[in-house]
Amino acid sequence: MGMIRVRSFALNDAHIFCTPEQIHQEVLGSIELVRHFMATLGVTDHRPRLSVRDPDKAKYVGTDEEWTNAESALTSALDELGQTYDLGVGDAAFYGPKIDFQVRDAHRREFTNSTVQVDFQLPELFGLEYVASDGLRRRPVMVHRGAFGAMERMIAYLIEHYAGAFPTWLAPVQVAVLPITDAHQPYAREVAARLRRSRIRVELDDRSERVGKKIRRPAAARCPTWPWSATRRSRPGRAGAQPRG
């Protein structure tokens, strides 16, 4: 909750300027990027919501034609991907409709994580232009794309989602190396150095403590790899035994 109730969020956001003919492909690419993020992070409980305007036109800026085109671009992209979605009438921003990807946290509370939005208004307000293939100056369209959403809120969600036991690629410490005795320290340091050169996040516990106590610390921290002893050889009678990891 401390990461959710913050004074400000760090947003992952992009603004894509494109021609009206390019809207469909840009929206498709933005949705696929959001789905790639979700799948990579293991976020399975999510659903898109198409947020469109309210019948009260006084709440919005822009023409009916612009809004119809923007809503149509989002709808057609979702349909082409075979994506089911909820409809949020009146949930659009005052300057354009959007697709909100709704995620449920560990308490089953819903929040918006990622957003894809079509915006005809800001290019108009900024007076943006491009020279089209026919030589005329035309107004571009802006596609807002937030693939990851708010960094703090998403990390808070992942901590709850995995209960701190992150997959290896995401864990702050990926490997714990625990020398059994002081005699194994040089080899333990060598192992840790080799892992770091391979860009693996490793922690070496070189304290003069019992092995059981050393094991408890990475286990409590939910280190994803089973701590293994940094000895060159297996004990007698265990030929071919492999370190666990």
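The structure under discussion appears in the preceding block.
Keep in mind that what you see is a predicted model, and the values were worked out from it rather than measured.

What counts, and where the lines are drawn
- Residues numbered from 1 in each chain as written.
- Predicted model: local features only at pLDDT ≥ 70, side-chain atom pairs only at ≥ 80, totals over all residues.
- Heavy atoms only, no water.
- Helix = DSSP H or I, 4+ residues; strand = E, 2+ residues; numbered from the N terminus.
- Expected span 1.5 Å × (residues − 1).
- Buried < 20%, exposed > 50% of the residue type's maximum accessible area, 1.4 Å probe, protein only.
- Contact = heavy atoms within 4.5 Å.
- 1 Å grid on protein atoms, 1.4 Å probe; cavity = no way out; pocket = protein on both sides within 12 Å on 5 of 7 lines; lining within 4 Å.
- Points joined across faces, edges and corners; volume = space filled by probe spheres on them.
- Pairing = 2+ DSSP bridges.
- Right-handed = clockwise from strand over helix to strand, strands pointing away.

Side note on helix α4 (residues 151-162)
It helps to recall that an α-helix has 3.6 residues per turn; residues three or four apart then point in one direction. When the terminal C-alpha atoms of α4 are compared, their 16 Å separation across twelve residues agrees well with the 16 Å that a helix rising 1.5 Å per residue should span. Turning to α4, its buried residues number three or more, namely Met154, Ala156, Tyr157, Leu158 and Tyr162. Buried positions along α4 lie against α1 (23-41), β4 (98-104), β5 (110-119) and β8 (141-150). Count one or two residues on from α4 and you reach alanine 163, which has phi positive near 50 degrees.

Considerations on the environment of serine 72
Structurally, the position occupied by serine 72 is in helix α2 (residues 64-80). Each C-alpha atom of the pair serine 72 and isoleucine 200 lies 46 Å from the other, and the pair is 128 residues apart in sequence.

Some points on empty space enclosed by the protein
The tally for this structure, following the rule as stated, stands at one cavity of 30 Å³ or more. Contributing to the lining of the largest cavity are Glu66, Trp67, Ala70, Tyr95, Gly96, Pro97, Val118, Asp119, Phe120 and Gln121. Put simply, the parts of the chain that give the lining of the largest cavity at least two residues each are α2 and β5. For the lining of the largest cavity, the element with the most residues is α2, which contributes three residues.

So, the pairing of strand β2 (residues 46-52)
Residues in a regular strand project their side chains so that they alternate between the two faces of the sheet. Burial runs high along β2: five of the seven residues are buried. Pairing analysis gives four bridges linking β2 to strand β3 (residues 86-89), with the strands arranged parallel. Residue pairing across strands places valine 52 opposite valine 89, the latter belonging to β3. Between β2 and its parallel partner β3, the chain crosses via α2, and the hand of that crossover is right-handed.

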